[in-house]
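# Notes for the structure review
Listed here are the chains, written in short residue letters.
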Amino acid sequence: MSLLLGPMCQHIPGRKGLTDHSDAKTLMPKKEVYIPLFAGNNSQVEILVNEGDHVKIGTRLANTKSAFPVPVYSSVSGIYKGTVKRPHNSLKPQPHMVIELDAVQEKQQAFEPLDWTRASHEEMVEFVKNAGIIGQGGAGFPTYVKYLNVEKIDTLIINAVECEPYITADYKCIMDEVQDFVHGVRILQKMAEVKTVKIGVKKTHPDLINYIREEISRENAAGIEVTPVPDVYPMGGERTLIRTILKREYDRLPGECGVIVNNAETAILVAHAFENGEALSKKYVTFSGEGLKYPVNVFVPVGMCVAEIIEQLGGFIEKVDSLKLIAGGPMMGKAMVSDQICIDRAMNAITVLKNENEPEMTCMRCGRCTAHCPMGLQPVRISNAVKANDTVEMEKRGAMLCIECGLCTYVCPSHIQVTENVRKAKRTLAMKAKRK
């Protein structure tokens with residue numbers, strides 16, 4: 001960590017106005033969905049249906065079989081056609097389950113609801129595990145794992161900051177489903193066994209702040225309060241949010257300082273599961289950026305192809321030589337080589353921008369990347385270590401602690417792709433660890 005820490009954050013123009021004032025559009029695929037079986041390190045999958053089987057919305061399709069198993073449920077009704085490998089936002093082709101839609105779109109209860117007011121901690125954790133709920137902030141980490149050991153937890157933080165430019169999916173889903181949101185927060189509060197819950201919302205969203213506060217008051221939800229936070233990036237990162245709201249620091253995981261952090265949409269999924277026995281089938285996803293004719297939030301089934309969604313929205317802008325399609329937002333998202341990727345369970349945005357990369361210049365040694373790093377790292381030192389292929393230096397400078405927020409690249413006056421170099425360092429160190 002740098003000895004002289006700077007602001008560790010930066011205000012970034014949000015471009016939220018492209019999508020936050022219009023209603024979300026509900027779209028359906030014409031023929032098929034392709035449900036990704038990729039779940040981080042969960043590479044082993046047990047498929048529970050056979051080719052030719054008819055499935056309904058809510059049918060359990062598969063189980064992952066690694067350390068943190070998570071079931072996969074169907075987002076549509078129709079005929080299961082087998083698996084295919086397709087482009088994926090992990091940047092590698094991944095297996096997808098193909099379901100050909102029927103005309104009925106019949107829904108079934110995925111599992112029995114659970115009375116959370118009477119359930120034990122163990123029963124609630126097991127329920128969330130079997131419901132297949134994963135974090136909706138982008139990483140897709142299994143939600144139940146955070147609640148396995150809560151003895152030292154004293155605070156739950158609900159992340160409704162949405163600091164990434166362009167993305168408004170969380171804002172839209174809370175505005176549309178505020179009752180389920182607050183209800184889900186109450187369920188998570190009990191599962192965490194805490195009295196204190198802080199809901200982080202940007203100060204620049206007074207409408208959302210007041211809307212949530214009104215619902216908290218209506219439900220008489222004790223111990224839950226909205227905490228306005230500054231409109232800076234990466235305020236939505238766990239470390240920055242905890243630092244701002246609670247003035248606490250930790251080494252690797254928030255639980256070390258007594259905190260659990262969950263995304264806002266995750267709370268809504270929890271309410272749907274406990275109250276209705278409903279698994280994740282459709283998602284709010286922001287389709288935005290100057291490369292689209294009509295930016296908007298969409299409400300679509302998991303597995304719908306991005307190319308089909310863009311086509312139904314009116315397509316890309318015309319008379320532009322090159323566009324960049326990003327899975328996620330422009331800061332932490334990944335540029336895709338194909339629009340044939342499909343909506344994953346943890347995906348919250350597709351951003352399409354004009355491809356206007358600035359030429360890279362020699363490092364000015366200004367130190368801005370270090371001053372703004374929310375992890376207190378020295379990104380340029382790591383970047384230089386990558387160029388020198390010096391794995392010892394990469395490790396010494398803490399490359400694996402990088403959260404890949406993209407701020408070092410954003411503030412660099414030399415237009416150096418610092419974040420990408422740090423990503424390379426992380427991949428190099430991960431491969432080195434595997435060889436041991």
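Above this text you will find the structure in question.
Keep in mind the model is a prediction, meaning the values are calculated, not measured.

Taking strand neighbours across the sheet as the criterion, the 6 strands line up as E1-E14-E13-E17-E15-E16 in an open arrangement whose pairing is mixed. If you trace the sheet from one side to the other, it starts and ends with strand E1 (25-26) and strand E16 (334-335), each paired once. When strand E15 (residues 323-327) meets E16, the two strands line up antiparallel, connected through 2 bridges. The residue bridging Ala327 from the neighbouring strand is Lys334, located in E16.

Attention now moves to the pairing of E15. The pairing of E15 with strand E17 (residues 349-354) spans 5 bridges and is antiparallel. Paired with Leu323 across the strands is Lys354, a residue of E17. Taken together, E15 and the strand that follows it, E16, pair antiparallel across an intervening segment of 6 residues, in which Gly328 is found at a positive phi of about 110°.

One finds Tyr147, Ile158, Ile174, Phe181, Ile199 and Ile212 to be the most contacted residues of the largest nonpolar core, which totals 69 residues. Among the elements that make up this core, the one with the highest residue count is helix H3 (residues 178-192) (8 residues).

A separate point is the environment of Ile216. With respect to the helices, strands and loops of the structure, Ile216 is situated in helix H4 (residues 206-219). Those residues in contact with Ile216 that sit more than four places away from it in its chain are Val182, Ile199, Ala221, Ile224, Glu225 and Val226.

So, on to the sheet that holds strand E6 (residues 71-73). Strand order in the open sheet formed by 3 strands is E3-E5-E6, with antiparallel pairing between adjacent strands. Of all the strands in the sheet, just strand E3 (45-47) and E6 have a single pairing partner and so form its edges. Sheet twist, expressed as the mean angle between neighbouring strand axes with direction ignored, is 25°. Of the strands in this sheet, strand E5 (60-64) and E6 are in contact with helix H1 (residues 121-131), which crosses E6 at around 55°.

Attention now goes to the pattern of salt bridges. A full pass over the atoms with the stated rule returns 18 salt bridges. Across the salt bridge formed by Arg15 and Glu290, the nearest N and O atoms sit 3.8 Å from each other. Here Glu290 lies in the loop between strand E13 (282-288) and strand E14 (296-301) and Arg15 lies in the segment before E1, a separation of 275 residues in the sequence. Owing to a relative accessible area of 33%, Glu290 belongs among the partly exposed residues under this scheme. Notably, a salt bridge pairs Arg423 with Glu420, separated by 3.4 Å at the nearest N-O pair. Here Arg423 and its partner Glu420 are both found in helix H12 (residues 418-435), 3 residues apart, which amounts to about one turn of the helix. The exposure class of Glu420 is partly exposed, given its relative accessible area of 28%. Several salt bridges converge on common partners, so that one network encompasses Glu404, Glu420, Arg423, Lys426 and Arg427.

The rules behind these values
Residues numbered from 1 in each chain as written. Predicted model: local features only at pLDDT ≥ 70, side-chain atom pairs only at ≥ 80, totals over all residues. Heavy atoms only, no water. Pairing = 2+ DSSP bridges. Helix = DSSP H or I, 4+ residues; strand = E, 2+ residues; numbered from the N terminus. Core = buried A, V, L, I, M, F, W, Y, C linked by side-chain atoms within 4.5 Å. Buried < 20%, exposed > 50% of the residue type's maximum accessible area, 1.4 Å probe, protein only. Contact = heavy atoms within 4.5 Å. Axes fitted to C-alpha atoms, helices over the stretch in contact; angles between N-to-C directions. Salt bridge = Lys/Arg side-chain N within 4 Å of Asp/Glu carboxyl O.

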